[in-house]
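Notes for the structure review
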Amino acid sequence: QVQLVESGGGLVQAGGSLRLSCAASGRARSAYAMAWFRQAPGSVREFVGVHRWSRWSDGTTDVADSVKGRFTISRDNAKNTLYLQMNSLKPEDTAVYYCAAGSRNIGGPDDVNYWGNGTLVTVSS
């Protein structure tokens with residue numbers, strides 16, 4: 001059984017921080033890439049960032065320009081967990097955040113093999 005379970009969402013004031021976690025089980029544990037997406041009400045699902053597994057390092061990451069310098073992605077392979085550290089949060093970061101996993105690099109929703117159910121992040125002004 002494949003599962004991605006997000007946690008850590010909640011209500012935070014603008015300028016605050018949150019850390020999201022995504023626990024992977026089943027086939028998702030060995031995914032080459034794990035990523036975060038978000039979807040605000042009335043909007044399409046948006047790529048936030050990706051972590052790609054590497055045999056020789058802790059992996060490589062990319063984040064969207066809209067969150068660069070504020071959000072950081074990391075992955076703990078021993079715990080089968082992906083993290084999203086979000087700092088300097090803005091009201092426009094309000095969305096449901098989804099964890100995703102894939103067997104190849106993830107740059108958009110079409111690259112995803114597995115989705116989590118999402119966790120809501122609300123940033124108040």
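Above this text sits the structure in question.
Residues numbered from 1 in each chain as written. Predicted model: local features only at pLDDT ≥ 70, side-chain atom pairs only at ≥ 80, totals over all residues. Heavy atoms only, no water.

Here we take up the overall build of the protein chain. The number of helices and strands found in the protein chain is zero helices and eleven strands. Along the protein chain, helices (α) and strands (β) appear in the sequence β-β-β-β-β-β-β-β-β-β-β when read from the amino end. Overall size of the protein chain, expressed as C-alpha extent along the three principal axes, is 40 × 25 × 25 Å. Residue burial in the protein chain is summarised as follows: out of 125 residues, 42% are buried. Taking the contacts inside the protein chain whose residues are at least 6 apart along the sequence as the reference set, 56% of them involve residues at least 24 apart. (Helix = DSSP H or I, 4+ residues; strand = E, 2+ residues; numbered from the N terminus. Buried < 20%, exposed > 50% of the residue type's maximum accessible area, 1.4 Å probe, protein only. Contact = heavy atoms within 4.5 Å.)

Spatial strand order, S1-S3-S8-S7: four strands in an open sheet with antiparallel pairing. Two strands in the sheet have a free side with no partner beyond their single neighbour: strand S1 (3–7) and strand S7 (71–76). Looking at each pair of strands side by side, their axes are set apart by 15° on average, direction ignored. (Pairing = 2+ DSSP bridges. Axes fitted to C-alpha atoms, helices over the stretch in contact; angles between N-to-C directions.)

The subject of this paragraph is the side chain of Glu6. Mapped onto the secondary structure, Glu6 falls in strand S1. Buried charged residue Glu6 carries no salt bridge. Nearest counter-charge: Arg45, at 7.6 Å. A distance of 3.2 Å separates a polar side-chain atom of Glu6 from the backbone nitrogen of Asn117. Within the local environment of Glu6, its side chain forms a polar contact with the backbone nitrogen of Gly118, the two atoms lying 3.0 Å apart. In contact with Glu6, other than residues within four places in its own chain, are Ser21, Cys22, Trp36, Tyr97, Tyr98, Cys99, Gly116, Asn117, Gly118 and Thr119. (Lys, Arg positive; Asp, Glu negative; His and termini not counted. Salt bridge = Lys/Arg side-chain N within 4 Å of Asp/Glu carboxyl O. Polar contact = N/O pair within 3.5 Å; in protein donor to acceptor, adjacent residues only side chain to side chain.)

Distances and angles like these do not, on their own, reveal function.
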